[in-house]
Each structure stands twice: as C-alpha cells, then as structure tokens.
Amino acid sequence: MRVIITAHARKRLQDLRQEQINENDVLQAARSITARIPTATRFRGFLATSGRAFDLVMKDVPAGRMVITIIGK
C-alpha cells in the first residue's frame, strides 16, 4: 500500500515532541493497519525503533493511505 506523509506530518517530525521518531517508523506503523480507513482516525500506541511512543492520524484516499499528523508521547 502506498503511504503519503503530508507536509504537516513531515514538519511535525522536526518538533521536539517527535524528535526520536523517523519516517521509516511512520511508514511501518501506517502499513500495519490492515483495515480501510474512510475518515480521519487516530491510532494509538505505536513504538518507534528508538522506543518512543507515538500516535498517527490517518485516512485512506484514492492515491493510498494519507498520514495527516504524528503525535509523540
């Protein structure tokens, strides 16, 4: 499945709260959800390779799965 990370989400990865989360972690987390996501939904409890917990807000669009934002814990 194609995963699209929005500019807003990429910008959030630069913030202090998301500092140990990288793009690979986000891609793996987005692909781990097998169901269809018709509306923007928050998924909780993902772990980055660094051990940092984070949440994702995602939605399925015709082009693939769109990651709207990333929330670090």
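See the structure printed just above.
Owing to the predicted nature of the structure, the values given are computational and were not obtained by experimental measurement.

S.K.: Report on the overall build of the chain, specifying residues and quantitative values.
M.R.: From N to C terminus, the chain includes two helices and four strands. Going residue by residue from the N terminus, the α and β elements of the chain occur as β-α-α-β-β-β. For a compact globule of 73 residues, the expected C-alpha radius of gyration is about 11 Å, and the chain comes in at 11 Å, within 12% of that figure. Considered along the principal axes of its C-alpha atoms, the chain spans approximately 30 × 20 × 20 Å. Within the chain, the fraction of its 73 residues that count as buried is 42%. Long-range contacts, defined as pairs at least 24 residues apart, comprise 50% of the intrachain contacts of the chain with a sequence gap of at least 6.

S.K.: Any chance you could break down the environment of N24 for me, citing the residues and the numbers?
M.R.: Here N24 shows up in helix 2 (residues 23-32). Given the relative accessible area of 55%, N24 is considered exposed. When the C-alpha positions of N24 and T49 are compared, they lie 9.0 Å apart, and in sequence the two are 25 residues distant.

S.K.: Describe in detail the sheet that holds strand 4 (residues 64-72), supporting the description with residues and values.
M.R.: Reading across the sheet, the four strands line up as 1-4-3-2 and stay open at both edges, with mixed pairing between neighbours. Of all strands in the sheet, those with a lone pairing partner are strand 1 (3-5) and strand 2 (41-47), marking the two edges. Looking at each pair of strands side by side, their axes are set apart by 35° on average, direction ignored. Sheet topology note: the strand 2/strand 3 (residues 53-61) ladder contains five bridges and is antiparallel. Directly across from F46, in strand 3, lies its bridge partner F54. Relative to strand 3, helix 2 is tilted by about 60°, and along the sheet it contacts strand 1, strand 2, strand 3 and strand 4.

S.K.: Hey, could you go over the environment of I33 for me, with residue numbers and the actual values?
M.R.: As for its position among the elements, I33 is in the loop between helix 2 and strand 2. With sequence-adjacent residues up to four places away left out, I33 is seen in contact with F43, F46, M58 and R65.

S.K.: Before we move on, can you summarise the pattern of salt bridges with the specific residues and values?
M.R.: Note on pairing: side chains with opposite charge can pair once their charged atoms come close. Here the structure, examined in full by the defined rule, presents four salt bridges. The residue R10 makes a salt bridge to E23 at a minimum N-O spacing of 2.8 Å. Of this pair, R10 sits in helix 1 (residues 7-12) while E23 sits in helix 2, placing them 13 residues apart in sequence. A residue is classified by how much of its surface remains accessible, and R10, at 39% relative accessible area, is partly exposed. Using a relative accessible area of 36% as the deciding quantity, one classes E23 as partly exposed. Salt bridges sharing common partners tie together R42, D55 and K73.

Here is what the cut-offs are and how they apply
Residues numbered from 1 in each chain as written. Predicted model: local features only at pLDDT ≥ 70, side-chain atom pairs only at ≥ 80, totals over all residues. Heavy atoms only, no water. Helix = DSSP H or I, 4+ residues; strand = E, 2+ residues; numbered from the N terminus. Rg over C-alpha atoms; globule rule 2.2 N^0.38 Å. Buried < 20%, exposed > 50% of the residue type's maximum accessible area, 1.4 Å probe, protein only. Contact = heavy atoms within 4.5 Å. Pairing = 2+ DSSP bridges. Axes fitted to C-alpha atoms, helices over the stretch in contact; angles between N-to-C directions. Salt bridge = Lys/Arg side-chain N within 4 Å of Asp/Glu carboxyl O.

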